[in-house]
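# A closer look at the structure
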Amino acid sequence: MNTGGWIFMLVSLSIVWGTTIWAYTRLLSAPSEKPRD
Amino acid sequence: MSTEKKPMEWGTRLGVILAVSGSAVGLGNFLRFPGQAAAHGGGAFMIPYICALLFLALPIGWAEWAMARYGGERGFHSGPAILGVAGRGRVARYFGVLAILIPMVVYMYYVYIEAWCLRYAWEYLVGGVSLTGSIEEKVRGAAVFFGHATGTNADGVLNMSSVFWLIVVTLNIILVYRGLSGGIEKFCQFALPAMAVLAMIVLIRVLTLGTPDPAHPDQNVLNGLGFLWNPDFSKLTDFDTWLAAAGQIFFSLSVGFGVILNYASYLKKNDDIALSGFTASATNELFEVGFGGLITITAAFVFLGASGVGGGFGLGFQTLPVVFEQMGAAGRWIGFAWFFLLFLAAITSSISMLQPVKAFFEEALGISSGKAIAWVSIICGCGSLWVIWFSKNMVALDAMDFWVGTFCIFLLATVQIICFGWVWGVREGMSELDQGALMRIPRFFMFIMKYVAPAYLLVVLAGFTYYNLPQKMTELSNTPVALWTVIIIGAVIALLLVMVAMGERRWRAAGMDLDGKREVN
């Protein structure tokens, strides 16, 4: 694999793992839901 | 005693996200994405891919979540009714039949492929897959096994896979009949984590393969990853690459599919939709890029070299069994993990296709959930049997996949973003998204939703029509099975249009706000 391949793969993986972890952290740390009627 | 039906609803915030993610994560993540990326510039494919994600999928996805909850507040849960509300009238409502047609027709062929996954997983579990001889002989053996297992060698074959089809269809019906929180949500809460674990097992095995054959030192894991990820920037000037990226994003994220319109309509006014939409997209991308982008092509390259690597179903069902065979004793269990993973990915998607259709039948005809699922099962079952019967070279399947699973998806996405940005109004839409939001959507997305996404889609639609339609029209006129498949699709559209007209009369008689003219407090 050449340098460009490494860069594209690592940046892409960082983006997808980073955004997923950020989203779930934010979601799970949000105030709990009110009980549904 | 109250005879009023208890309204359907989601159990938890996480539950609805996992259900939407389960709908999005499917076979396309593992089989279609790596093939598309390798064929369109490798790592450089990520540039148009991320552009399509930012300028098309995310904004249109958010628009769907917003329109769905807005329609749900008015008591509507089906695509035509919700688009009628957001699109302020009859034209949008009738275009909304696409939001029922797409999940309905895609379900007809998707459950057939789902049955293949279950059949392969079963065969690996009981040790029923045995490929012997040289690599070439194993490749031939895998193709023969595929033909026998799926019945795609000839038309009119109802074999063992039909039994697996029956199992899969029954499972789908049971899960959808059990309702949102009791069936779909519960199943996705188990299936999504299970898929992540299975994908991780297969990924670790693939990344630790090293150089399995000393006679071919160039066939190693790093070169396998390089085959997919080394960028070829010359492909970026090719319009086809941008078209492929947009197509992959649509195919993968279930945007313009009609599923989110139904799922999000069961949310309450103060439930979050902004972060939920973002999280569902992020989960899908994790499976697609994080797992799909590392597993399939790397494994195929390591054992078979560059010439053995292709994309699509061939890669999943014919090439990878040869790869598992080369892994020795562990191959059987890795093969089982792989095909069970594909099966879970497929069933979480197929249940999401049945649910919006069922909801539409209930809403338009005023029938019970049980009767609706019975009618939907009969119609979809007949369509699915048509695909199974005319399975030679997958002509019926391909015709449905092109005309409905690809073309209609572009069309519905265009209708939706025009309804959202130009009829309902991007300001009203954004304020709906802000209601109960756990994240603030950057305001520049208003500009993207109003101008960039519709323009991008119209260009993609025009390019798609110019590049793909003429060839498909020629194929249609020369292939009777494909032509009859399209005629059947036309009959389904006519049926759905009549049902929308019947629903319109019912909703108006019940005093419902079907044109979205009244405020809801």
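All figures in this text were calculated on a predicted structure; none of them were measured in a lab.

## Brief notes about the overall build of chain B
Across its full length, chain B holds 20 helices and zero strands. Against the globule reference of 24 Å for 521 residues, chain B gives a C-alpha radius of gyration of 23 Å, in line with a compact fold. Based on the C-alpha atoms only, the size of chain B along its principal axes is roughly 75 × 50 × 50 Å. A burial count over chain B gives 61% of its 521 residues as buried. For chain B, long-range pairs separated by at least 24 residues make up 83% of all intrachain contacts whose partners lie at least 6 apart in sequence. Accessible surface for chain B amounts to roughly 18,700 Å². Of this, 65% is attributable to carbon and sulfur atoms. Averaging the locations of the 32 positively and 32 negatively charged side chains of chain B gives two centres separated by 9 Å.

## Observations concerning the state of the cysteines
In a disulfide, the sulfur atoms of two cysteines are covalently bonded to one another. Scanning the entire structure with this criterion turns up zero disulfides over all chains. Not engaged in a disulfide, the cysteine Cys 408 of chain B finds its nearest cysteine sulfur in Cys 380 of chain B; these two sulfurs lie 15 Å apart.

## Description of the interface of chain A and chain B
Across the contact, 26 residues belong to chain A and 38 residues belong to chain B. Between chain A and chain B the total buried area reaches about 2,600 Å² when both faces are included, carbon and sulfur atoms providing 71% of it. At the junction of chain A with chain B, the criterion picks out zero salt bridges. At the boundary of chain A and chain B, one finds five residue pairs in polar contact (both at pLDDT 80 or more). A per-class count over the side of chain A that touches chain B returns 15 nonpolar, seven polar and four charged.

## Notes on the pattern of salt bridges
All names here are of chain B. Across all of its chains, the model carries twelve salt bridges over all chains by this definition. Here Arg 69 and Glu 73 are joined by a salt bridge, their closest N and O atoms 4.0 Å apart. You can see Arg 69 and its partner Glu 73 sitting in helix α3 (residues 46-73), four residues apart, about one turn around the helix. Accessibility expressed as a relative area gives 0% for Arg 69, which makes it buried. Salt-bridge contacts for Arg 443 lead to Asp 434; the nearest nitrogen and oxygen are separated by 3.1 Å. Shared partners join several salt bridges into a network, and the residues in it are Arg 69, Glu 73, Lys 269 and Glu 432.

## A word on the confidence of the model for chain B
Caution is warranted with low-pLDDT regions, since their predicted coordinates should not be read in detail. For chain B, mean pLDDT is 88; residues scoring 70 or higher make up 96% of the total. The ipTM assigned to the predicted complex is 0.91, against a pTM of 0.91.

Rules used in this analysis
- Residues numbered from 1 in each chain as written.
- Chains lettered and ligands numbered in written order.
- Predicted model: local features only at pLDDT ≥ 70, side-chain atom pairs only at ≥ 80, totals over all residues.
- Heavy atoms only, no water.
- Helix = DSSP H or I, 4+ residues; strand = E, 2+ residues; numbered from the N terminus.
- Rg over C-alpha atoms; globule rule 2.2 N^0.38 Å.
- Buried < 20%, exposed > 50% of the residue type's maximum accessible area, 1.4 Å probe, protein only.
- Contact = heavy atoms within 4.5 Å.
- Areas by Shrake-Rupley, 256 points an atom, 1.4 Å probe, with all protein chains shown as cover.
- Lys, Arg positive; Asp, Glu negative; His and termini not counted.
- Charge placed at Lys NZ, Arg CZ, Asp CG, Glu CD.
- Disulfide = S-S within 2.5 Å.
- Buried area = accessible area lost by both parts, 1.4 Å probe.
- Salt bridge = Lys/Arg side-chain N within 4 Å of Asp/Glu carboxyl O.
- Polar contact = N/O pair within 3.5 Å; in protein donor to acceptor, adjacent residues only side chain to side chain.
- Nonpolar A, V, L, I, M, F, W, Y, C, P; charged D, E, K, R; others polar.
- pLDDT = per-residue confidence, 0-100.

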